[in-house]
Amino acid sequence: MSLIAELKRRNVIRSAGLYLVGAWLVVQVAGTILPMFGAVDWIARSIVIALAIGFIPAMVVAWVFELTPAGLKRDEDVKTEDSIASQTAHRMNQWLLVVSIVAIGYFAFDKFVLAPRRDAALVMQTTAHVAAQIGAEKPNVSPKSIAVLAFTDLSPGHDQEYFSDGMSEEILNALAKVKDLKVAGRTSSFYYKGRNEDLRVVGKALGVANVLEGSVRTQNSKVRITAQLIRTDDDFHLWSDSYDGDLNDVFALQERIARAITDQLQAVLQGDQKTLLVPVATSSPEAYKLYLQATAIFNRRDGVHFHDAIAGLKQAIELDPKFARAHSRLAALYDVVPQYSADTDLRAALEAVQQYARSAIALDPTLAEAYSALGLSYRVQHRYIEEHAAYEHALALDPNDVTTNFWYGLSELMDGYTRHGMQLLDRTLTIDPMLPNALRWRAKMELSAGDLAGAQRNAQRARDLGLQVVDMNLAEIAHARGDNTNAIERWAAGMRGYLQGMPEGSETIIAEGLYGDDAARTRAIALIDAYVAQARDQINWVAPYVMVQLGEPAKALATMRTSRTNNDADFFALLWTPQGRAMRTSPVFNAFSRAVGLTQLWDKIGPPDLCKKSDAGDYTCE
């Protein structure tokens, strides 16, 4: 008789099947019940270990003994017709089949229905909690609130827009540092440039009671700035004045305007603000002009001209080596250049960030931008503990700095600290409600929480403000609503221009793979695999991100563990959404998180919102 036949005769195979199904059910029940009573992790592990150890003795008993009406007897002492197992074999097979079907059905239902719902509920709970907090804290419009609109360029050649914008932004920044004032962010205020909008609409949209309008006229070295402070609810002009000077006087002119506004709004000034609101940034008018030109390029995220801006700032530093803000802005530019140019030497860019940020800090330790620039560069290097400290220091210096709040909030979303990340994101939008990228990320979080209406509203606002990449999010929303045709069109149109290094036409192939049939999905996976297989120091961020959406989470983790991208944000934030559950619950997730530096951050700061630290030092995530 063969071994298999003997195992069947002694009912060992049948016993093994029943044991495994029973053990699986015990583990599932324990995993559900134990957390309800606050049981420590080692109890669940002990149950699994005990069941695994018990498998061998159970099979030995099944081999040696048979169950009869008279009880257990050794196999050789039992006739076949006396074996209860043999008499009921057919019935046991039926029961084994039924139990297996029920178990597999429960497993599938839990994995594909209950788990995503639990995940979405967790994210929704976090979103609702933060939104409730923000809503509860949102005050009425303060009379000490203001938006500084972009000043009009009245120069003879109408070629000094960068200068007029710079003047209004400098005044805005000076006022924003006055704690007794609420000042709308630059992006939102400048949105109304040239629109001739009703000021009541502006005030309502930005949540301010006053606006500052003005114009700048430059001719040769002469400057005239005209400004007027207007109340938004009734269009009443509270104050207006004109200031004449030359390029050497610009900081004095800004000081006089800022001082007039704080006087009109009766703002309480603290410390050095009582004597000086606008410090002299540089003694070189030419260096300042170069700084304003570079700033205009930086603010527009005009990637085509980033290298012009860098060259201009370097020239400004040559003219005035002590121009701290030029050093700081140069560091920030080097931070974002790799996101706009696949040919950028990432290592050289990171070294430049460090060099210019530290020079800025040495010259002026109060510059929040320099610390934020360091934080973003640490992010790229996976130095998350240093990144966290840099952002915290930047916020301590300037709690209302839009860039710091946004970059730090995005970092927290990427690291799994969703609650804090959303607080910072909502803080960003409170200060600058029309910041397109912040609106895009708010939409992403709402989509993860299942709030399609909110996601659609904020994503469309970001798109209306000119942010092209948000079409990727609008495509996901269309897919969630069952409109895959629109989803394909949206994704392909929105990502055109963001797939540097990939073959021409990749946006269409990937879009069809994401929202088309199985054949299209196969083509998209093949394209991504071929692209990643190419030897390169840096890969496009879209590749690992869409791997997850194409059903290849393990491959995505492996790719991100060994490669650097030009922007990690979307991928790392995806880890903490319902779509990312397969990655964060994967057996290799702890190895991945250690390899990329997340574990070290969690050990220092605390576990991410969806994870718990085990006694062994690993993280178990929901």
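Source: prediction; values computed, not measured.

1. Quick notes on the overall build of the protein
Working step 1: Counting secondary structure elements, the protein contains 29 helices and twelve strands.
Working step 2: Taking all 622 residues of the protein together, 48% fall into the buried category.
Working step 3: Excluding contacts between residues fewer than 6 apart, the proportion of contacts in the protein whose partners are at least 24 apart in sequence is 61%.
Working step 4: Taken as a whole, the protein presents about 29,600 Å² of accessible surface, with 55% of it coming from carbon and sulfur.

2. Focus: the packing of helix α23 (residues 518-533) against helix α24 (residues 542-549)
Working step 1: Packing of α23 against α24 leaves a shortest axis separation of 10 Å and a crossing angle of 145 degrees. At the point where α23 passes α24, the crossing takes the left-handed sense. Mapping the contact onto sequence places I528, Y531 and V532 in α23 and A543, V546 and M547 in α24.
Working step 2: Its residues assigned to classes, the contact of α23 with α24 shows six nonpolar, no polar and no charged.

3. Describing the state of the cysteines
Working step 1: Under the defined criterion, the tally for this structure stands at one disulfide.
Working step 2: Across the disulfide, C611 is cross-linked to C621 (sulfur-sulfur distance 2.0 Å). One disulfide, between C611 and C621, carries an S-S torsion of 100 degrees and so falls in the right-handed class. You can see C611 sitting in strand β11 (residues 611-613) and its partner C621 sitting in strand β12 (residues 619-621), a full ten residues away along the chain.
Working step 3: Residue C611 is classed as buried on the basis of its relative accessible area, which comes to 6%.
Working step 4: Judged by its relative accessible area of 9%, C621 is buried.

4. Notes on the pattern of salt bridges
Working step 1: Applying the stated criterion across every chain, the model contains 28 salt bridges.
Working step 2: The closest approach of N and O atoms between D426 and R442, which form a salt bridge, is 2.7 Å. Of this pair, D426 sits in helix α17 (residues 418-431) while R442 sits in helix α18 (residues 436-448), placing them 16 residues apart in sequence. Across this residue pair, the class does not change: D426 and R442 are buried.
Working step 3: One salt bridge in this structure joins E552 and R521, with 3.8 Å as the shortest N-O distance. Of this pair, E552 sits in the loop between α24 and α25 (553-562) while R521 sits in helix α23; the two residues are 31 residues apart in sequence, bridging distant segments of the chain.
Working step 4: Its relative accessible area of 22% is what places E552 among the partly exposed residues.

5. Focus: the confidence of the model for the protein
Working step 1: Scored by pLDDT, the protein comes out at a mean of 86, with 85% of its residues at no less than 70.
Working step 2: When pLDDT is averaged over each element of the protein, helix α15 (residues 384-397) comes out on top at 97 and helix α4 (residues 84-87) at the bottom at 49.

6. Quick look at the pairing of strand β7 (residues 222-231)
Working step 1: Relative to β7, strand β6 (residues 210-219) runs antiparallel, the two being bridged by ten bridges. Bridging across to β7, R217 finds its partner in R224.
Working step 2: Bridge count for β7 against strand β8 (residues 237-246) is nine bridges, and the pairing is antiparallel. Its bridge partner lying in β8, V223 is registered against G245.
Working step 3: What sits between β7 and β8 in their antiparallel hairpin is a turn of five residues, with D235 showing a positive phi close to 65 degrees.

7. Considerations on the nonpolar core
A general tendency of soluble globular proteins is for nonpolar side chains to be buried together.
Working step 1: The biggest cluster of nonpolar side chains holds 156 residues, and the ones touching the most others in it are L212, W491 and F572.
Working step 2: Filtering out sequence-adjacent residues up to four positions away, F572 remains in contact with R379, Y384, L413, M414, M560, F592, V596 and L598.
Working step 3: With eleven residues, the next largest nonpolar core counts L149, A184, Y192 and I230 among its residues.

8. Focus on helix α19 (residues 452-464)
Working step 1: The terminal C-alpha atoms of α19 lie 18 Å apart, and with 13 residues this matches the ideal 18 Å at 1.5 Å per residue to within 8%.
Working step 2: Taken together, the buried positions of α19 are G454, A455, N458, A459 and A462. Buried residues along α19 cover an arc of 120 degrees about the axis, so they all sit on one side.
Working step 3: Looking at the buried side of α19, the elements it contacts are α18 and α20 (471-480).
Working step 4: G466 lies just past α19 and shows a positive phi near 100 degrees.

9. Details of the packing of aromatic side chains
Working step 1: Tallied over the entire structure, the rule returns 15 aromatic pairs.
Working step 2: A ring pair is formed by Y391 and Y408, whose centres lie 5.3 Å apart and whose planes are at 25 degrees; its orientation type is stacked. Remark: Y408 occurs in helix α16 (residues 402-415) and Y391 occurs in helix α15; sequence separation between them is 17 residues. Each member of the pair, Y391 together with Y408, is buried.

10. Notes on the environment of T366
Working step 1: As for its placement among the helices and strands, T366 is situated in the loop between α13 (346-363) and α14 (368-380).
Working step 2: By relative accessible area, T366 is classed as exposed at 52%.
Working step 3: Among the polar contacts listed, one links the side chain of T366 to the side chain of D364, at a separation of 2.6 Å.

11. A word on the packing of α14 against α15
Working step 1: Relative to each other, α14 and α15 sit at 160 degrees, their axes nearing to 8 Å. Classified by the interaxial angle, the pair formed by α14 and α15 is roughly antiparallel. For the pair α14 and α15, the crossing hand works out as left-handed. Where α14 abuts α15, its residues A368, Y371, S372, G375, L376, Y378 and R379 lie against Y384, E386, E387, A390, Y391, H393, A394 and L397.
Working step 2: Of the residues assigned to the contact of α14 with α15, the class counts are nine nonpolar, three polar and three charged.

12. Brief notes about α18
Working step 1: Between its first and last C-alpha, α18 extends 19 Å over 13 residues, near the 18 Å set by a 1.5 Å rise per residue.
Working step 2: Within α18, twelve of the 13 residues are buried, which leaves it mostly tucked inside the rest of the structure.
Working step 3: Among the residues making up α18, those that are buried are P436, A438, L439, R440, W441, R442, A443, K444, M445, E446, L447 and S448.
Working step 4: In the segment just after α18, G450 is the residue with positive phi, at about 85 degrees.

13. Some words on the environment of G22
Working step 1: Among the structural elements, G22 can be located in helix α2 (residues 12-33).
Working step 2: What makes G22 partly exposed here is its relative accessible area of 29%.

14. Observations concerning unusual backbone geometry
The bulk of non-glycine residues show a negative phi, and the bulk of peptide bonds are trans.
Working step 1: Backbone geometry at D235 places phi at a positive 65 degrees, although glycine is not the residue there.
Working step 2: Considering the arrangement of structural elements, one finds D235 in the loop between β7 and β8.
Working step 3: Residue classification places D235 among the partly exposed positions, given a relative accessible area of 45%.
Working step 4: A positive phi angle, close to 50 degrees, is found at R301, a residue other than glycine.
Working step 5: Since its relative accessible area comes to 29%, R301 is described here as partly exposed.

Here is what the cut-offs are and how they apply
Residues numbered from 1 in each chain as written. Predicted model: local features only at pLDDT ≥ 70, side-chain atom pairs only at ≥ 80, totals over all residues. Heavy atoms only, no water. Helix = DSSP H or I, 4+ residues; strand = E, 2+ residues; numbered from the N terminus. Buried < 20%, exposed > 50% of the residue type's maximum accessible area, 1.4 Å probe, protein only. Contact = heavy atoms within 4.5 Å. Areas by Shrake-Rupley, 256 points an atom, 1.4 Å probe, with all protein chains shown as cover. Axes fitted to C-alpha atoms, helices over the stretch in contact; angles between N-to-C directions. Left-handed = near helix turned anticlockwise from the far one by under 90°. Nonpolar A, V, L, I, M, F, W, Y, C, P; charged D, E, K, R; others polar. Disulfide = S-S within 2.5 Å. Salt bridge = Lys/Arg side-chain N within 4 Å of Asp/Glu carboxyl O. pLDDT = per-residue confidence, 0-100. Pairing = 2+ DSSP bridges. Core = buried A, V, L, I, M, F, W, Y, C linked by side-chain atoms within 4.5 Å. Expected span 1.5 Å × (residues − 1). Arc of directions from axis to C-beta. Phe/Tyr/Trp six-rings, centres within 6.5 Å; stacked < 30°, edge-to-face > 60°. Polar contact = N/O pair within 3.5 Å; in protein donor to acceptor, adjacent residues only side chain to side chain. Parallel < 35°, antiparallel > 145°, perpendicular 65-115°, else oblique.

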